[in-house]
Amino acid sequence: MSLLKVNNLKVNFKTYGGTIRAVRNVSFEVDYGETVAIVGESGSGKSVTVQAIMGLIKKPAGEIEKGNILFKGKELLQLSQKQLREIKGKQISMVFQDSMTSLNPTMKVGKQISEVLLYHQHVSKQEAKARAIEMIKEVGIPNAERRYEQYPHEFSGGMRQRIMIAIALACNPDLLIADEPTTALDVTIQAQVLGLLEGIKENKNTSIILITHDLGVVAESADKVIVMYGGMMVEKCSVQELFSNPNHPYTWGLLESIPNVSNKDKERLKPIEGSPPDLFSPPKGCPFAPRCKYAMDICMEEVPRLYDVADGHSSRCFLNDEMAPNIATFSEVEERV
Amino acid sequence: MNQEIIKTTNVKKHYAIGKQQVVRSVDGISIDIYQGETFGLVGESGSGKSTFGKTIAGLTNPTDGSVYYEGNNVNNLSKKERHRINREIQIIFQDPQASLNPRMQVGDIIAEGIDAHGLAKGKARKERIYDLLERVGLNPDVVKRYPHEFSGGQRQRIGIARTLAVQPKFIVADEPISALDVSIQAQVLNLLNDLKDSEDLTYLFIAHDLSMVKHISDRIGVMYLGNMMELARSEQLFDNPKHPYTQALLSAIPVPDPTLSKRDRIVLQGEPPSPVNPPSGCKFRTRCPHAMEICSLEAPMWKEIHADHWTACHLYS
């Protein structure tokens, strides 16, 4: 049994402009000790997917239209707020992108860590403090005792992100959800934080869902990858498959549009023309069809199903249909070049 | 080539905070930018790269040192000449949302510079606006629309059209693509590259995304805490970085290739010190894996160790 199983998740938001269909039919699994990366552009629905897992979709504007979220076989969407609180922060916890707005500015950081312990583990105040100091040390911040007494504004961005991770890890969760944890950080600090997450996964066998738009980060830290576009999961595969045998034209576009540092020649970048779909009125067919070089008539009319292209690799593209014309795949083109 | 368009000599920009303290944002930089090149400027947040860009563009006067544009000291000009140089040096800002007036129509935003410098009137002015919109890949029908009706990438194109309207020679692009999505970044980068050739431009391209900078730049300068650490041709810098900071910075870039991922990475310890109270001697010494005794005593000289490859590090003196 996998740790987390998301099945046909659909999330809508009602706004004055109409209903936004933010997540449409997303299904995936996370195994024990596995890092699953979700990649996609802004508006692709990656953050909303994990917010649904954390029970952060607020009614009445937000609505989970259908789907199941099974955590250790238990349906999270059926639980009461009270039952959910027993799981959130303890078994599933989350690190947000912007550490400045996610930490309480009027509360000492040490208190913010021990708060979690006091709530979930029923320890004494002294014990909670000792554990919190230990956590600060564990995430690599020197002078833990002094740091315990300081406020968020006294920390740098990278340090605050470590504090966020310390809070998330305080109860030894089974699943850590990290929503763009390094996007606001400089590369040298990003390397430190990614190293820290790597260590947690190895030492504690914690599963991680990592949201990012940086394919470099994906290559270095993920086991499995989910590519999202226009609220849909367009491709799901192992990290090796993503880079060696990508199937969906959107994934090809993404891989082509980033300059490779190890690339010697300065050839022109190949951007994906056009812009992402309007989620108020998403295209009738495949969300990527209007920007896709290979779009066929059917792509404009019908949403493709997920085709299995290899073991553990599925792609939502009609090019995999047996009736589709043969085109040179991405890897074949790469080899020819 | 190699005719310099910008020359800075020991440029410093300090900001006073409170009575006693001074932030040394830019602390003595001497470089040349050549006509027709793209000069990439990289560094972490707080390294002073944007301040340096603003100083070069004349948005702020240096505390010490001088900036020369085509041989003229830009801080010491007559009003008339200042006006001319203001037209020839332009900036593209990072956040297209914040840098476009939300209450102005796109056509008027673009025309502001044309009017201020009296470059065209009436029909010619109108045609010029249409032409600019087409050149940046927007439909000329959009002149009457407002900035909020556009996506981030399109707004950045409007910003670029506004910049081009006054026919500049030198453009400071301050993180022009950082706020955009990956698939849009490549579009804007290609546009900037095409315009450089068709309009005969020189760029100072400021960014923290090293792979993008490598792609667009001819030469790259690396800044740390207000100082230039290394400067070289871009292939040279990536293939053979000399300064320990550049080496660490390059090794920290995540590479989109899972077969390479388990490689030796130089992970720097700690974080950059405050520019209010920078370390003595070499500013990088507190995080440098090769720090020696001399590094705390003496600031290293900025010197050319190979042809067109400059660095400031005691390892090479």
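Quick caveat, the model's predicted, so the values are computed rather than measured.

Scoring rules and cut-offs
Residues numbered from 1 in each chain as written. Chains lettered and ligands numbered in written order. Predicted model: local features only at pLDDT ≥ 70, side-chain atom pairs only at ≥ 80, totals over all residues. Helix = DSSP H or I, 4+ residues; strand = E, 2+ residues; numbered from the N terminus. Rg over C-alpha atoms; globule rule 2.2 N^0.38 Å. Buried ≥ 20, exposed ≤ 12 C-beta atoms within 10 Å, placed from the backbone. Contact = placed C-beta atoms within 7 Å. Nonpolar A, V, L, I, M, F, W, Y, C, P; charged D, E, K, R; others polar. Axes fitted to C-alpha atoms, helices over the stretch in contact; angles between N-to-C directions. Parallel < 35°, antiparallel > 145°, perpendicular 65-115°, else oblique. Left-handed = near helix turned anticlockwise from the far one by under 90°. Core = buried A, V, L, I, M, F, W, Y, C linked by C-beta atoms within 7 Å. Expected span 1.5 Å × (residues − 1). Domains from an automatic or database assignment. Pairing = 2+ DSSP bridges. pLDDT = per-residue confidence, 0-100.

## Considering the overall build of chain A
Assigned secondary structure in chain A consists of 13 helices and twelve strands. In terms of overall dimensions, chain A is globule-like: its C-alpha atoms have a radius of gyration of 21 Å, near the 20 Å expected for 337 residues. Taken along the three principal axes of its C-alpha coordinates, chain A extends 70 × 50 × 40 Å. Considering chain A as a whole, with its 337 residues, one finds that 47% of them fall into the buried category.

## Here we look at the interface of chain A and chain B
Every contact between the two is made by 37 residues of chain A and, on the other side, 32 residues of chain B. Elements that contribute at least two residues to the side of chain A that touches chain B include exactly helix H8 (187–204), helix H9 (215–221), helix H10 (239–244) and helix H11 (249–257) of chain A. Here the element with the most residues in the side of chain A that touches chain B is H8(A); it accounts for seven residues. A class-by-class count of the residues in the side of chain A that touches chain B yields 15 nonpolar, 15 polar and seven charged.

## Details of the packing of helix H4 (residues 109–121) of chain A against helix H5 (residues 125–138) of chain A
Residues and elements named next belong to chain A. One can describe the packing of H4 onto H5 by two numbers: an axis separation of 9 Å at closest approach and a directional angle of 120°. Regarding the angle of H4 to H5, the classification is oblique. Of the two elements, H4 crosses H5, and the hand of that crossing is right-handed. Contacts between H4 and H5 involve Gly 110, Ile 113, Ser 114, Leu 117 and Leu 118 from the first element and Ala 128, Lys 129, Arg 131, Ala 132 and Met 135 from the second. Broken down by class, the residue content of the contact of H4 with H5 amounts to six nonpolar, two polar and two charged.

## What to know about unusual backbone geometry
The amide bond that connects A:Lys59 to the next residue, A:Pro60, takes the cis arrangement and shows omega of 5°. With respect to the helices and strands, the residue A:Pro60 is situated in the loop between helix H1 (46–53) and strand E4 (62–71). A positive phi angle, near 50°, is found at B:Glu175, a position not held by glycine. Summarising the element assignment, B:Glu175 is placed in the loop between strand E8 (170–174) and helix H7 (182–199). Although it is not a glycine, B:Asp308 sits at a positive phi angle of roughly 60°.

## Description of the nonpolar core
The tendency in soluble globular proteins is for nonpolar side chains to be buried side by side. Core analysis: the largest hydrophobic core is formed by 172 residues, its most contacted members being A:Ala166, A:Ile209, A:Val225, B:Leu204 and B:Phe205. Dropping the residues within four chain positions of it, A:Val225 is found in contact with A:Ala37, A:Val39, A:Val218, A:Cys237, A:Val239 and A:Leu242.

## Things to note about the packing of helix H4 (residues 106–116) of chain B against helix H6 (residues 152–164) of chain B
Residues and elements named next belong to chain B. Two elements in contact, H4 and H6, have axes separated by 7 Å at closest approach and are oriented at 30°. By the criterion of interaxial angle, the relationship of H4 to H6 is roughly parallel. Considering how the two elements wind past one another, H4 and H6 form a crossing that is right-handed. On H6, the residues that touch Val 106, Ile 109, Ile 110 and Gly 113 of H4 are Ile 158, Ala 161 and Arg 162. Class assignment of the residues belonging to the contact of H4 with H6 gives a composition of five nonpolar, one polar and one charged.

## A short note on the environment of A:His153
The residue A:His153 is located in the loop between helix H6 (144–148) and helix H7 (157–169) in this model. Taking the C-alpha atoms as reference, A:His153 lies 7.0 Å from A:Pro105; in sequence the two are 48 residues apart.

## Quick notes on H7(A)
Residue and element names in this part refer to chain A. Given a rise of 1.5 Å per residue, 13 residues ought to cover 18 Å, and the 18 Å separating the end C-alpha atoms of H7 matches this to within 8%. When you tally the buried positions in H7, you get twelve out of 13 residues, the bulk of the element. Looking at the packing, one finds that the buried side of H7 touches strand E6 (92–95), helix H3 (99–102), H4, H5, strand E7 (175–179) and H8.

## Re the domain arrangement of chain A
Frequently, the measure chosen for interface size is the accessible area that the parts lose on association. Residues and elements named next belong to chain A. As far as domains go, chain A holds domain 1 (4–228) and domain 2 (230–336). The gap between the C-alpha centroids of domain 1 and domain 2 is 29 Å. With 24 residues of domain 1 at the contact, the number on the domain 2 side is 22 residues. Of all the secondary-structure elements, those providing two or more residues to the side of domain 1 that touches domain 2 are strand E2 (18–30), H9 and strand E9 (224–229). It is E2 that provides the largest number of residues to the side of domain 1 that touches domain 2, a total of nine residues.

## As for the sheet that holds strand E10 (residues 232–238) of chain A
All names here are of chain A. Spatial strand order, E6-E7-E8-E3-E9-E10-E12-E11: eight strands in an open sheet with mixed pairing. Of all the strands in the sheet, just E6 and strand E11 (307–310) have a single pairing partner and so form its edges. Geometrically, the sheet is characterised by an average inter-axis angle of 20° between neighbouring strands, direction not taken into account. In this sheet, E10 lies alongside E9 in antiparallel orientation, the contact comprising six bridges. When the bridges of E10 are listed, Val 225 appears paired with Cys 237. Against the sheet, H7 contacts E6 and E7, and its axis sits at roughly 175° relative to E6.

## Observations concerning the confidence of the model for chain B
Per-residue confidence for chain B gives a mean pLDDT of 91, with 98% of residues at or over 70. At the level of chain-chain contacts, confidence expressed as ipTM amounts to 0.80, with global pTM at 0.86.

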